[in-house]
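Observations on the three-dimensional arrangement
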Amino acid sequence: LAVAGGAGAVAGAGLQLAASSDQPTAAAPETTTVPLGSVGDRIVPFRGARQAGISTPVQRQSHARIAAFDLVPGADADALRALLQRWTTAAEALTAGRPAGDRTDTMTADSGPAGLTITVGFGPSLFGKADIPAGARPEALTPLPAFPGETLDATRSNGDLGVLVAADDSVVVFSALRTLEQLAAGVATPRWQFAGFTRGRGVTTNEGATVRNLMGQLDGTKNPKPSEATFGKTVFVADDGWMRGGSYLVVRRIRMLLDEWEDLPVAAQEQVIGRKKASGAPLSGGVETTPANFGRRGSDGELMIPADSHMRLATAAFNRGAAMLRRGYSFADPQPGGGVEAGLIFLAWQADPRTGFIPVQQNLIAGHDRLSAFTRHETSALFAMPGGVATGEFLGQRLFD
Ligand code: HEM
């Protein structure tokens, strides 16, 4: 409250100055400098061994846009390289709170970077274009297989380039992506874009607490944690190729059928996931962080965590260790006529989708995941997000080495 009140007071003073510029004697400044609040002035370093926006910041920012671009026909390697160089320069500036060009300066000048991260990668369809040999495509970047029972919207799936922009301020996110779009002109055109949100920074005092999705569940409890020894191996590519230090991102726009879901009594909703709705504790007992006991049976002899519950079918122990870092964002897009399409922009990061998303999704389908009655996978994309950008390098440079 103190921060919000302080910022408001300063903005108010700015408005007063502007109003008094009508007076012939007052020399009104062109702009006012507003001191940044603790949310606005936060910087997540752009350069490093790994791209920002995958596991940093540890608590994901409150707003994100994920966008795909396609190369224009005839764009060559030089054009793509130059585009990635322009994006690198812009991303480095914007994430540090500096202007990236003339047109969007005023959008972020008075908000700071607000924890902005810009993460960039390549889709399977890029290979074979822009003089990039089809053979340079890693096996892990093979397009995702078709999963039984889903109908995907091709126009909002896939793409040559993928960009995830996230910050604790929606204006910062919008204007940063807008800047990247402008810088792509003539080389790559926007293909699709999704906007998502999660809890705002500073809303609770426990920054590390699991956040609820739009079904009301605590979502992310059993994510791999940076403090765990296996975290790096699960999320980041270890080999020596151009993807070293990178991560594969699976994007799925998953609609939630909220009317049906909300008709379900809470006890039944808990059976769908395998956890208590309010606390996130496994149905086998304990608190949110208590390890699930999948063999435990109740007095009725039934498994306390049902065999077809989402959590049981998705857990690594029943998927030969397959795991991923889920850092999705909620969406709630207004529709003509007053309705809303709501759900999850599912974003999963892993060292290899063949030992991450793919087998888990196959197991969810084969096991008739109870959650699937309340969700629809609508779109799909896979991107290879290369390793971090070292000093002097540009985004994805090693692909061209
Ligand atoms: C766990 C919700 C889709 C993989 C969970 C949990 C919830 C949840 C509430 C339990 C808490 C937690 O550990 O996070 C959802 C919703 C989805 C969705 C609402 C769609 C709208 C998916 C998909 C996958 C997936 C598509 C991967 C193919 C997982 C995994 C776990 C999990 C790996 C952790 C299981 C464990 O080890 O306990 N999900 N999920 N989820 N979900 Fe999902």
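None of the values given here were measured: they were computed from a predicted structure. (Residues numbered from 1 in each chain as written. Predicted model: local features only at pLDDT ≥ 70, side-chain atom pairs only at ≥ 80, totals over all residues. Heavy atoms only, no water.)

Looking now at a negative patch on the surface. On the surface, a cluster of negative charge is contributed by Asp259, Glu260, Glu262 and Asp263. Position of Asp259 relative to the elements: it lies in helix α6 (residues 258-263). (Patch = residues over 30% accessible without salt bridge, like charges linked within 9 Å, V, L, I, M, F, W, Y side chains within 5 Å. Areas by Shrake-Rupley, 256 points an atom, 1.4 Å probe, with all protein chains shown as cover. Salt bridge = Lys/Arg side-chain N within 4 Å of Asp/Glu carboxyl O. Lys, Arg positive; Asp, Glu negative; His and termini not counted. Charge placed at Lys NZ, Arg CZ, Asp CG, Glu CD. Helix = DSSP H or I, 4+ residues; strand = E, 2+ residues; numbered from the N terminus.)

Angles at a metal have ideal values that depend on geometry: 109.5 degrees with four tetrahedral donors, 90 or 180 degrees with six octahedral donors. Counting protein donors to the iron atom of the ligand gives just one, His310 (NE2), placed at 2.1 Å. Residue position: His310 is located in helix α8 (residues 310-314). (Donors = N, O, S within 2.8 Å, 3.2 Å for Na, K, Ca; no water.)

Moving on to the pattern of salt bridges. Inspection of every chain in the model, using the stated rule, returns 21 salt bridges. The partner of Asp160 in a salt bridge is Lys129, and the shortest N-O contact between them spans 2.9 Å. Placement of Asp160 in the loop between β2 (117-122) and β3 (161-167) and of Lys129 in the loop between β2 and β3 is noted, with a sequence separation of 31 residues between them. Look at Asp160 and you get buried, because its relative accessible area is 0%. Among the ionic pairs, Glu341 bridges to Arg255, the shortest N-O distance being 3.6 Å. One end of the pair, Glu341, is in strand β10 (residues 340-350); the other, Arg255, is in strand β7 (residues 247-256), with 86 residues separating them in the sequence. (Buried < 20%, exposed > 50% of the residue type's maximum accessible area, 1.4 Å probe, protein only.)

Time to look at the site of the ligand. Close to the ligand lie 27 residues, the nearest being Gly220, Lys222, His310, Thr315 and Arg326. At 2.9 Å from a nitrogen atom of the ligand is found a side-chain nitrogen or oxygen belonging to His310. Here an oxygen atom of the ligand and a side-chain polar atom of Thr315 are 2.6 Å apart. Elements that contribute at least two residues to the shell around the ligand include exactly β6 (218-219), β7, α8, β10, α9 (357-366) and β11 (375-385). Sort the elements by how many residues they give to the shell around the ligand and α9 lands first, with four residues. (Near = heavy atom within 4 Å. Polar contact = N/O pair within 3.5 Å; in protein donor to acceptor, adjacent residues only side chain to side chain.)

Shape descriptors only; they carry no functional weight alone.
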